[in-house]
Amino acid sequence: MTTQFQCRVHTERFDENYEPANSTRLTTNFANLARGENRKENLQNAIAMIDKRFNDLANWDNPTSDRYSVNLDIVSIDLDVEGKGEFFPALECLKTSVIDKKTGKTIDGIVGNSFSSFVRDYDFSVLLLDHNKDKPEFTVPESYGDLHGKLFKHLLASPEYTAQFKKLPVICLSVATTRTYHKTTNVHPILGVEYEQNDYSLTDAYFAKMGLKVRYFMPPKSVAPYAFYFDETADLLNDYTNIELISTIATMEAFQKIYRPEIYNANSVAGQVYKPSLTSKDYSLTKVEYDRIERAQLAVQQGKYAEEHFIKPYKAALDAWLNEK
């Protein structure tokens, strides 16, 4: 069964001229900005935010805070289940690279930013909702996330992926509003102060099925911690260079300030004990526009798209592959 799976990896530059492909999830950070009459201004402002934050963190030998610029490439990984040339858009994320304008060199960054998946939309916005419909207490279906987790591991182990990307991905997300985080004494020069929480969220558990563990850090001059997901065999603090980590922070902080301003563009800094909230009123807005309500509605549509074009048509093949030892 596994030998029939075919992978395809392709990339596209994310810049002010970017227009989402038909196969791209429109709720994905970068795609959501590239829509509507203000699309070009949105993209220009978001990219400027990324470059400014990068230079703010990479401040050594950078007296005018403009030495670097960040290039972003959209990495799309498609899957053909039956080997018939019918590919489904399985995973998508951003990869960073950094232009050092002083030396003229391009420095490799990290893949994993703005990770997105149609199957994840199905799990969270269709399967989970259907499972809990009319039930008095929230529960998670048995084997929840198993298919997505195995697909993620399979795609990252594919020759098509490993030929292009040498380091394991780091995925940076917002912390969960359902959890409380406690500040520790551990401080990293780039990632910042570490926070901990012992009651993992549904997202934490879901990403664990993908072979990823999580640590929470609040970078210098940030106002709230982020969740950094990385391979269970990796060392987040030592396997990645400062430039690589900064490229991830700069990219995701810009997107989170846009999409979660209540948390990441708040006017007060997270304290010793921190519980993020999307109902806070003490925050500032960026100059980038988006529609949060539409984004939530699209997540359901995208989950149903995955159900119709991937989950149902290939159910027998996927079930057999999932049950292989």
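Everything below is about the structure printed above this text.
In what follows, the accompanying structure is described.

Procedures and definitions
- Residues numbered from 1 in each chain as written.
- Predicted model: local features only at pLDDT ≥ 70, side-chain atom pairs only at ≥ 80, totals over all residues.
- Heavy atoms only, no water.
- Axes fitted to C-alpha atoms, helices over the stretch in contact; angles between N-to-C directions.
- Helix = DSSP H or I, 4+ residues; strand = E, 2+ residues; numbered from the N terminus.
- Parallel < 35°, antiparallel > 145°, perpendicular 65-115°, else oblique.
- Contact = heavy atoms within 4.5 Å.
- Nonpolar A, V, L, I, M, F, W, Y, C, P; charged D, E, K, R; others polar.
- Pairing = 2+ DSSP bridges.
- Disulfide = S-S within 2.5 Å.
- Buried < 20%, exposed > 50% of the residue type's maximum accessible area, 1.4 Å probe, protein only.
- Arc of directions from axis to C-beta.
- Salt bridge = Lys/Arg side-chain N within 4 Å of Asp/Glu carboxyl O.
- Polar contact = N/O pair within 3.5 Å; in protein donor to acceptor, adjacent residues only side chain to side chain.

## Re the packing of helix α4 (residues 146–156) against helix α10 (residues 315–322)
- Interhelical geometry of α4 versus α10 gives an angle of 75 degrees and a closest axis separation of 11 Å. By the angle between their directions, the pair α4 and α10 is classed as roughly perpendicular. Between α4 and α10, the contacting residues are Asp-146, Leu-147, Lys-150, Leu-151 and His-154 on the first element and Leu-318, Trp-321 and Leu-322 on the second.
- The residue makeup of the contact of α4 with α10, split by class, is five nonpolar, one polar and two charged.

## Focus: the sheet that holds strand β3 (residues 88–100)
- If you trace the four strands from one edge of the open sheet to the other, you get β1-β2-β3-β4, paired in antiparallel fashion. Unpaired on one side and paired on the other, β1 (6–14) and β4 (105–117) mark the two borders of the sheet. Each adjacent strand pair in this sheet contributes to an overall mean axis angle of 25 degrees, direction not counted.
- Here β1 pairs with strand β2 (residues 68–80) via nine bridges, running antiparallel. Bridge pairing in β2 links Glu-12 to Ile-74.
- Set on the sheet, helix α2 (residues 39–57) makes contact with β1, β2 and β3; between it and β2 the angle comes to about 115 degrees.
- In the packing of helix α3 (residues 118–132) onto the sheet, the strands contacted are β3 and β4, and the crossing angle to β4 comes to about 35 degrees.

## Description of the pairing of strand β6 (residues 181–188)
- The pairing of β6 with strand β10 (residues 273–274) spans two bridges and is classified as antiparallel. Residue pairing in the sheet places His-182 in a bridge with Val-273 of β10.
- The sheet contact formed by β6 and strand β7 (residues 192–196) spans four bridges and is antiparallel. Looking at β7, one finds that His-182 is bridged to Glu-196.
- Following β6, the chain reverses through three residues before pairing antiparallel with β7.

## Some thoughts on the state of the cysteines
- For the coordinates displayed, the defined rule picks out zero disulfides.
- Cys-7 takes part in no disulfide bond, and the closest cysteine sulfur, belonging to Cys-93, lies 13 Å away.

## Describing α10
- Those residues of α10 not exposed but buried are Ala-317, Leu-318 and Trp-321. Buried residues of α10, seen end-on, are gathered within an arc of 95 degrees and therefore sit on one face of the element.

## Quick notes on the pattern of salt bridges
- Scanning all chains against the criterion turns up 15 salt bridges.
- A salt bridge links Asp-56 to Lys-221; its shortest N-O distance comes to 3.0 Å. On the criterion of sequence distance, the pair formed by Asp-56 in helix α2 and Lys-221 in the loop between β8 (212–218) and β9 (226–231) is long-range, its members being 165 residues apart.
- According to the relative accessible area criterion, Lys-221 is exposed, its value standing at 68%.
- Here Glu-244 makes a salt bridge to Lys-167, at a shortest N to O gap of 2.8 Å.

## Digging into the sheet that holds β6
- Strand order in this open sheet of six strands is β5-β9-β8-β7-β6-β10, and the pairing throughout is antiparallel. Both edges of this open sheet fall to β5 (170–174) and β10, since each of them pairs with a single strand only.
- Of the strands in this sheet, β5, β8 and β9 are in contact with helix α6 (residues 202–209), which crosses β8 at around 135 degrees.

## Looking at the environment of Tyr-144
- For Tyr-144, the position within the fold is in the loop between α3 and α4.
- By relative accessible area, Tyr-144 is classed as buried at 7%.
- C-alpha separation for the pair Tyr-144 and Thr-11, spaced 133 residues apart in sequence, amounts to 30 Å.
- Residues contacting Tyr-144, with those up to four places away along its chain left out, are Asp-123, Phe-124, Leu-127, Leu-128, Leu-202, Tyr-206 and Lys-209.
- Reaching out from Tyr-144, the side chain makes a polar contact with the backbone oxygen of Asp-123 at a distance of 3.1 Å.

It is worth stressing that arrangement in space is one thing and function is another; only the former is reported here.
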